[in-house]
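Chain by chain, the residues run as shown.
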Amino acid sequence: SKTHHLNWTVENKRVTRNCATVDIPTVNGRFPGPTIEVNEGDTLVIKVTNKQQYPVTLHWHGIKQFRTNYADGPAHITQCPIQPNKSYIYEFTLNDQRGTFFWHAHINWMRSTVHGALIVHPKKKAPYGAVAGEIPIIMGEFFGLHPNVVELGFINTLAPVENRTTLASTINGFPGPFFNCSSATKVYKVKKGKTYLLRIIDAALNSDHYFAVANHSVTVVAADGNYLKPFKTSYVPMSPGQTTDVLIKFDKPCGRYYFGMNAGPVPAVGAPPPFVPAVSIFQYEGADSTTSPVVPVFPDRFNLAPLNAYHAKLKNLNRYHLPRKVDKSFLYVVGISSVNCIPSENCTRKIAGTMQNMTFDDPVGTSILEAYASGAKGVYTTDFPAQPPSLNVNTTRPDPHYLAGNRGTRLRELKFGSVVQVVLQNFFAFGVLDHPFHLHGHDFYVVGQNYGVYDPVQSPKTFNLKDPPLFNTIGVPNGGWVALRFKANNPGVWLLHCHFERHKSWGMHQVFITRNGVGKSQTLPGPKHPLPKCT
Ligand code: C2O
Ligand code: CU
């Protein structure tokens, strides 16, 4: 195994898309950012220097950071942000993980432009065999404004402040030809008759998507860095934070085919995503490059059937090895509240993301991890409720129990080695939002998922305890629930959050602290490099 030393500068770069020119934060002036390609077992040492005006952190999405919690990156959770003209060195090893991941800024909305692919090639041959080529495909958004400016508007209101004439979905940074004043359409040359691996990464901020290729179906082989039982499909639903690896055989008539993403499965009310598909072109070698490409068909985004049918096919390729006995169960109700203000408070935040009717306040001036490691008092408490205030969750309209949110920095501690089950129940909020929840530091088995209200007696009878898929991000359906299981075998402070940036910035997150176990291998070492100071 190898150690890779990278020198990264977060700096502004002037970018023009769809006739909007804007200075956006980037890594080394690249949008999307540099691709990291390493082998399983390699070590990354990435020196990040901040040369733009906003504080920044980087996160390595899906990487477990086993005993390297200080390199995880969420601002005020595992580190203070890197202030302008300061640096921090992220060092971690890619052990026991392989596949498609990504890295992104983990502060404000800078993930919008500060992101890139992180590809870990497996030690052992991939079960799907050799491919003729690999193509990373990053789904994103282009606002036409600095992402932090867009965020500021969202914090206080549902009204979108992005430039609506230039808002676009993007494939590897390009919106493609269907938007107003569109610029270049990217062309990817492929060989007829060959099979390629597409590494699809959803780095977008605020909407779900469908991926599709005109006239071609794909075979899903992995998601979130875990192999799946392969299955064929003509579309791939993606939520922010998810990655999906698919095989595609270019066995159609020599020609040009659009591929890309469209909004879906359901639009978020108040935040209509761009309903125009973002596409690039697969061009067979030898095809006439003046012919107009075939346009893909995306599933109807108002119909949940295609989404549900896809989810039913997700099965772990490998044998299930999580102990069936659950040591600790949590039922968290997640949602959006519109009146998260205590009347006596002079509240500025009108909309809140809530879990258990509570909005998580990040600590000020420190991080949870530093407070935990130093034993500092008064930064957080460990009494986050394991159950919601009411099990009488109404999934068809806002429940009064969940309309008057509280705020605080309350979290949960876990015993090292314990098997944890978290059921996330999504109650009705505004329209039809799902919540793509992401857990840091672990993969989790999705043992159950359904619409309606979780029933602690009946619902577990429907669980898949044979071959449940292993993910790090899963959509909690609107008016429905998912049940996750993981082993708390990674000592440290781990964020659980909705990967829609608008919900995250409204406070829809929680933290688990896994306490040290016995002996060196179960203990979190101190930081490898000096941590940034908060000011
Ligand atoms: Cu992709 Cu907490 O992040
Ligand atoms: Cu959400």
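The rules we used
- Throughout this document, residue positions are counted from 1 along each chain, in the order its sequence is written.
- Here chains are named by letter from A upward and ligands by number from 1 upward, in the order in which they appear as written.
- With the structure being a predicted model, the display of local features is reserved for residues of pLDDT at least 70 and the display and counting of side-chain atom pairs for 80 or more, all residues being used for whole-chain, interface and lining totals.
- UniProt positions are given in the numbering used here, feature names are shortened, and annotations may be inferred rather than shown by experiment.
- Secondary structure is summarised from DSSP: a helix means a run of H or I of at least four residues, a strand means a run of E of at least two, and numbering begins at the N terminus for each.
- With C-beta atoms placed from the backbone, the exposure class of a residue follows from how many other C-beta atoms lie within 10 Å of its own: 20 or more, buried; 12 or fewer, exposed; in between, partly exposed.
- Throughout, a pair of residues is in contact if the C-beta atoms placed from their backbones lie within 7 Å.
- By this definition, two strands are paired if DSSP reports at least two bridges between them.
- Between N-to-C directions, angles span 0 to 180 degrees; the directions come from axes that are lines fitted to C-alpha atoms, helices contributing only their stretch in contact.
- To count as a nonpolar core, a set of buried Ala, Val, Leu, Ile, Met, Phe, Trp, Tyr and Cys residues must be joined through C-beta atoms within 7 Å.
- pLDDT is a per-residue confidence score from the predictor, ranging from 0 to 100.

An unreviewed UniProt entry annotates the protein chain as Laccase originating from Physcomitrium patens. As recorded by UniProt, the Function (unreviewed entry) comment attached to the protein chain reads in full: "Lignin degradation and detoxification of lignin-derived products." Looking at the protein chain in UniProt, the text filed under Sequence similarities (unreviewed entry) is "Belongs to the multicopper oxidase family."

Trainee: Looking at this model, I keep getting lost on the overall build of the protein chain. Mind explaining?
Mentor: A count of helices and strands for the protein chain gives 4 helices and 32 strands. In the protein chain, which comprises 535 residues, the share counted as buried stands at 51%. Taking as baseline every contact in the protein chain between residues at least 6 positions apart, the subset at least 24 positions apart corresponds to 79%.

Trainee: Got a minute to help me understand unusual backbone geometry in this structure?
Mentor: Trans peptide bonds make up most of the peptide bonds, and negative phi angles are found at most residues other than glycine. Following Phe31, the chain continues to Pro32 via a peptide bond in cis, the omega torsion being -10°. Its place among the elements puts Pro32 in the loop between β2 (20-27) and β3 (36-39). Within the chain, Asp96 stands out as a residue other than glycine whose phi angle is a positive 55°. When you line up the elements, Asp96 lands in the loop between β6 (87-93) and β7 (99-105). Although it is not a glycine, Asp224 sits at a positive phi angle of roughly 50°. Tracing the backbone shows Asp224 in the loop between β14 (218-223) and β15 (226-233). Taking the C-beta count within 10 Å as the criterion, Asp224 has 24 such neighbours and is therefore assigned buried.

Trainee: What exactly am I supposed to notice about the sheet that holds β2 here?
Mentor: Each strand in a sheet pairs with another by means of backbone hydrogen bonds, the pair being arranged parallel or else antiparallel. Read across the sheet, 4 strands follow the order β2-β1-β4-β6 without closing on themselves; strand pairing throughout is mixed. What marks the edges here is a single partner per strand, and that holds for β2 and β6. Here the strands of the sheet are splayed against their neighbours by 20° on average, with no regard to which way each runs. With 8 bridges joining them, strand β1 (residues 3-17) and β2 adopt antiparallel strand pairing.

Trainee: Quick question: what am I supposed to make of the nonpolar core here?
Mentor: Nonpolar side chains tend toward joint burial in soluble globular proteins. Core analysis: the biggest nonpolar cluster contains 127 residues, and Val236, Leu424, Leu484 and Val511 have the highest contact counts within it. The contacts of Val511, once residues within four sequence positions are left out, are Ile77, Ile368, Leu411, Val493, Trp494, Leu495 and Leu496.

Trainee: Please explain the UniProt feature "domain: Plastocyanin-like" (unreviewed entry) in the protein chain as it appears in this structure.
Mentor: Sites flagged by UniProt as "domain: Plastocyanin-like" (unreviewed entry) map to residues 10-124, 166-265 and 403-516. For residues 10-124, the end-to-end C-alpha separation is 35 Å, with 0% helix and 46% strand making up the annotated structure.

Trainee: For this particular structure, what's the right way to read the environment of Ala184?
Mentor: Among the secondary structure elements, Ala184 is positioned in the loop between β10 (168-171) and β11 (187-190). Looking at Ala184, the number of C-beta atoms within 10 Å reads 11, which means it is exposed. Along the backbone, Ala184 and Tyr88 are 96 residues apart, and their C-alpha atoms lie at a distance of 36 Å.

Trainee: So what exactly am I meant to see when it comes to the environment of Pro306 here?
Mentor: Mapped onto the secondary structure, Pro306 falls in helix α2 (residues 305-312). The spatial distance from the C-alpha of Pro306 to the C-alpha of Thr290 is 34 Å, given a sequence separation of 16 residues.

Trainee: Where do I start with the sheet that holds strand β16 (residues 236-238) in this structure?
Mentor: Pairing in this open sheet of 5 strands is mixed, and the strands run β11-β19-β18-β13-β16 from one edge to the other. The open sheet has two free edges, formed respectively by β11 and β16, since each of these has just one partner strand. Mean inter-strand twist for the sheet, computed between neighbouring axes without regard to direction, equals 25°. For strand β13 (residues 209-213) and β16, the ladder comprises 3 bridges, and the chain directions are antiparallel. Across the sheet, His209 pairs through a bridge with Met238, a residue of β16.

Trainee: What should I look at first to understand the environment of Ile513 in this one?
Mentor: Looking at the element boundaries, Ile513 is found in strand β32 (residues 509-514). Given 19 C-beta atoms within 10 Å, Ile513 falls into the partly exposed group. C-alpha of Ile513 to C-alpha of Pro323: the two residues are 190 residues apart in sequence and 21 Å apart in space. Excluding residues that lie within four positions of it along the chain, Ile513 makes contacts with Tyr372, Leu411, Glu413, Leu414 and Val493.

Trainee: Honestly, the pairing of β10 in this entry has me stumped. Any pointers?
Mentor: Walk down a regular strand and you will see the side chains alternate between the two sheet faces. A two-sided burial pattern is seen for β10, the buried positions comprising Ala168 and Thr170 on one face and Ser169 and Ile171 on the other. Where strand β9 (residues 133-142) and β10 come together, 4 bridges link them in antiparallel fashion. Across the sheet, Glu141 pairs through a bridge with Ser169, a residue of β10.

Trainee: Would you mind going over the confidence of the model for the protein chain with me for this structure?
Mentor: Fine structural detail should not be taken from predicted coordinates in areas where pLDDT scores are low. Taken over all residues, the pLDDT of the protein chain has a mean of 90, while the share at 70 or more is 90%. Across residues 340-349 the pLDDT falls below 50, and counting only partners more than four positions away or on other chains, this stretch makes 10 contacts in the model. A low-confidence stretch, residues 397-401 (pLDDT under 50), is modelled with 10 contacts involving residues beyond four sequence positions or located in other chains. Scoring the predicted complex yields pTM 0.95 and, for the interface, ipTM 0.98.

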